[in-house]
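# Observations on chain architecture
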Amino acid sequence: MTMLDPAVTMKPPAPQKGPTRFPAFIGKADPWFRVLGFGWLTPILRLASGENPKAQLADLWRLAVVPVLAILVFLMLWAWAAPKVVTSLGAIPGPAQVWEQVGVLHADALAEGEKEAAFYAKQAEKNAALIAEGKADEVKDRTYTGKPTYYEQIFTSIQTVFFGFLLATLVAVPLGILSGMSATANAALNPLVQIFKPVSPLAWLPIVTMVVSAVYVGEGGMSKSFVISAVTVTLCSLWPTLINTALGVASIDKDLVNVGRVLKLTTWTKITRLVLPSALPLIFTGLRLSLGVGWMVLIAAEMLAQNPGLGKFVWDEFQNGSSESLARIMVAVLTIGIIGFLLDRVMFALQQAFTFSGKR
């Protein structure tokens with residue numbers, strides 16, 4: 001009989017392969033990384049923790065390296081093809097010329113900010129002198145009326161699209177719930193939806209302009225141009241939310257409807273406790289589509305009506321016809337695309353947050 005050495009039989013287990021740091025954090029953070037467009041961070045963190053390096057490198061290649069390579073290929077094709085296309089304003093600008101105009105627009109914004117600060121400083125100095133001389137009744141506070149900077153035009157467009165999107169949501173969600181819960185309401189609303197949904201913003205804009213000019217008196221600190229653009233966004237963007245809300249409400253589990261009848265729930269309780277939680281994913285899908293439509297509509301409305309914002313910036317540069325105009329228009333095009341992407345990411349994050357909290 002052989003004797004086994006206890007030291008041999010009681011050897012400590014070999015270290016396990018896999019994550020050694022932050023496994024819980026990585027698992028919880030991964031869904032939010034994906035929502036925000038940072039899904040490539042997950043394989044980096046898992047790679048740092050030692051979890052299956054081969055699989056993580058494959059994910060990193062797919063999530064980070066391939067998109068970067070695609071962008072680089074696009075930039076190279078753009079730089080190669082741009083000089084070959086000559087317009088009345090000169091050759092199409094390449095990436096280098098566009099990036100140069102980004103710096104120019106930033107410098108112009110800083111210079112305009114300095115002019116504004118100097119204007120208000122001079123005004124404050126003048127008013128202080130008048131007060132010291134006992135002429136307080138002559139004190140005047142004027143608003144700086146310089147040329148809006150590129151950043152201010154971006155902010156104006158974002159502010160306008162969110163206001164129009166909010167109005168569209170306040171109209172579309174209740175109508176969608178009503179249409180989804182009532183076959184009669186759906187029969188009444190469906191023809192109107194089918195007629196007005198395809199209407200272009202270019203057709204709505206003259207009507208909205210005339211109505212707002214006749215009705216709105218400029219109260220509340222909002223200019224007429226702002227209201228015109230926002231209402232145009234509302235009229236063109238409410239349809240995806242209305243349709244998806246009605247579809248989501250109409251397709252909820254019939255057992256839930258029966259439970260509501262058995263418990264004799266009030267209409268408000270039925271909507272808030274049964275209908276909305278079940279229809280929330282489709283409602284948010286409609287909201288994302290509506291925000292994307294609203295952003296596209298806004299740029300067209302600003303160009304046509306010459307209302308402040310990125311659309312007016314593009315039109316002004318087109319009319320300017322300088323050698324830098326095409327590059328600046330390209331800057332605006334890229335800005336519009338990036339902002340549209342970020343707006344969609346924000347809505348997707350909100351959708352995930354609401355649907356996740358609803359499941360808890």
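Scroll up a little and you will see the structure.
A brief report on the enclosed structure follows.

Conventions used here
Residues numbered from 1 in each chain as written. Predicted model: local features only at pLDDT ≥ 70, side-chain atom pairs only at ≥ 80, totals over all residues. Heavy atoms only, no water. Helix = DSSP H or I, 4+ residues; strand = E, 2+ residues; numbered from the N terminus. Buried < 20%, exposed > 50% of the residue type's maximum accessible area, 1.4 Å probe, protein only. Contact = heavy atoms within 4.5 Å. Areas by Shrake-Rupley, 256 points an atom, 1.4 Å probe, with all protein chains shown as cover. Lys, Arg positive; Asp, Glu negative; His and termini not counted. Charge placed at Lys NZ, Arg CZ, Asp CG, Glu CD. Core = buried A, V, L, I, M, F, W, Y, C linked by side-chain atoms within 4.5 Å. Axes fitted to C-alpha atoms, helices over the stretch in contact; angles between N-to-C directions. Parallel < 35°, antiparallel > 145°, perpendicular 65-115°, else oblique. Left-handed = near helix turned anticlockwise from the far one by under 90°. Nonpolar A, V, L, I, M, F, W, Y, C, P; charged D, E, K, R; others polar. Salt bridge = Lys/Arg side-chain N within 4 Å of Asp/Glu carboxyl O. Phe/Tyr/Trp six-rings, centres within 6.5 Å; stacked < 30°, edge-to-face > 60°. Patch = residues over 30% accessible without salt bridge, like charges linked within 9 Å, V, L, I, M, F, W, Y side chains within 5 Å.

## Let's talk about the overall build of the chain
Assigned secondary structure in the chain consists of 13 helices and two strands. When its C-alpha atoms are laid out on the principal axes, the chain stretches across 115 × 60 × 60 Å. For the chain, the residues scored as buried account for 31% of the 360 residues in total. A fraction of 68% describes how many contacts in the chain between residues 6 or more apart in sequence connect residues 24 or more apart. For the chain, the accessible area works out to roughly 22300 Å², and carbon and sulfur atoms hold 69% of it. Charge separation in the chain, taken as the distance between the mean sites of 29 positive and 23 negative side-chain charges, equals 13 Å.

## Topic: the nonpolar core
Core analysis: the largest hydrophobic core is formed by 36 residues, its most contacted members being Tyr150, Val161, Trp295 and Leu310. Those elements giving two or more residues to this core turn out to be helix 5 (95-132), helix 6 (150-181), helix 9 (224-250), helix 11 (267-305), helix 12 (310-320) and helix 13 (325-359). The contact partners of tryptophan 295, leaving out residues within four places of it in the chain, are Ser157, Ile158, Val161, Leu310, Ile336, Ile339, Gly340 and Leu343. Membership of the second largest hydrophobic core comes to eight residues, among which are Leu205, Val212, Phe226 and Val227.

## Focus: the side chain of serine 157
Note that serine 157 resides in helix 6. Residue classification places serine 157 among the buried residues on the basis of a relative accessible area of 0%. Those residues in contact with serine 157 that sit more than four places away from it in its chain are Trp295, Leu298, Glu302, Gly309 and Leu310.

## Here we look at the packing of helix 6 against helix 11
The interhelical angle for the contact between helix 6 and helix 11, taken along N-to-C directions, is 140 degrees, at an axis separation of 8 Å. With respect to helix 11, the element helix 6 is oriented oblique. With respect to the hand of their crossing, helix 6 and helix 11 are arranged in right-handed fashion. Contact residues: Ser157, Ile158, Thr160, Val161, Phe165, Thr169, Ile177 and Met181 in helix 6; Lys270, Ile271, Val275, Leu276, Leu287, Ser290, Leu291, Gly294, Trp295, Leu298 and Glu302 in helix 11. Its residues assigned to classes, the contact of helix 6 with helix 11 comprises twelve nonpolar, five polar and two charged.

## Side note on the pattern of salt bridges
Scanning the entire structure with this criterion turns up five salt bridges. Between aspartate 316 and lysine 312 there is a salt bridge, with its nearest N and O atoms 2.8 Å apart. One end of the pair is aspartate 316 and the other is lysine 312, both in helix 12 and four residues apart, which spans about a single turn. Judged by its relative accessible area of 23%, lysine 312 is partly exposed. The partner of glutamate 317 in a salt bridge is arginine 328, with the nearest N and O atoms 3.8 Å apart. Of this pair, glutamate 317 sits in helix 12 while arginine 328 sits in helix 13, placing them eleven residues apart in sequence.

## Topic: the packing of aromatic side chains
Where two aromatic rings form a pair, the distance of their centres and the angle of their planes describe that pair. The full count for this structure, using the stated rule, is seven aromatic pairs. Ring geometry for phenylalanine 119 and tyrosine 120: centres 5.3 Å apart, planes at 75 degrees, overall edge-to-face. The class for phenylalanine 119 is partly exposed, based on a relative accessible area of 28%. By relative accessible area, which is 32% here, tyrosine 120 ends up partly exposed. Relative to tryptophan 204, the ring of phenylalanine 196 lies with its centre 5.8 Å away and its plane at 35 degrees, an arrangement referred to as tilted. With a relative accessible area of 13%, tryptophan 204 lands in the buried category. Here a set of aromatic residues connected by ring pairs shows up, and it is made of Phe119, Tyr120 and Tyr144.

## Concerning a positive patch on the surface
Together, Lys122, Lys126, Lys140 and Arg142 give the surface a local cluster of positive charge. Here lysine 126 shows up in helix 5.

## Looking at the environment of alanine 55
In this fold, alanine 55 is placed in helix 4 (residues 53-81). Classification of alanine 55 by relative accessible area gives partly exposed; the value is 28%. Placed 62 residues apart in sequence, alanine 55 and alanine 117 show a C-alpha to C-alpha distance of 55 Å.

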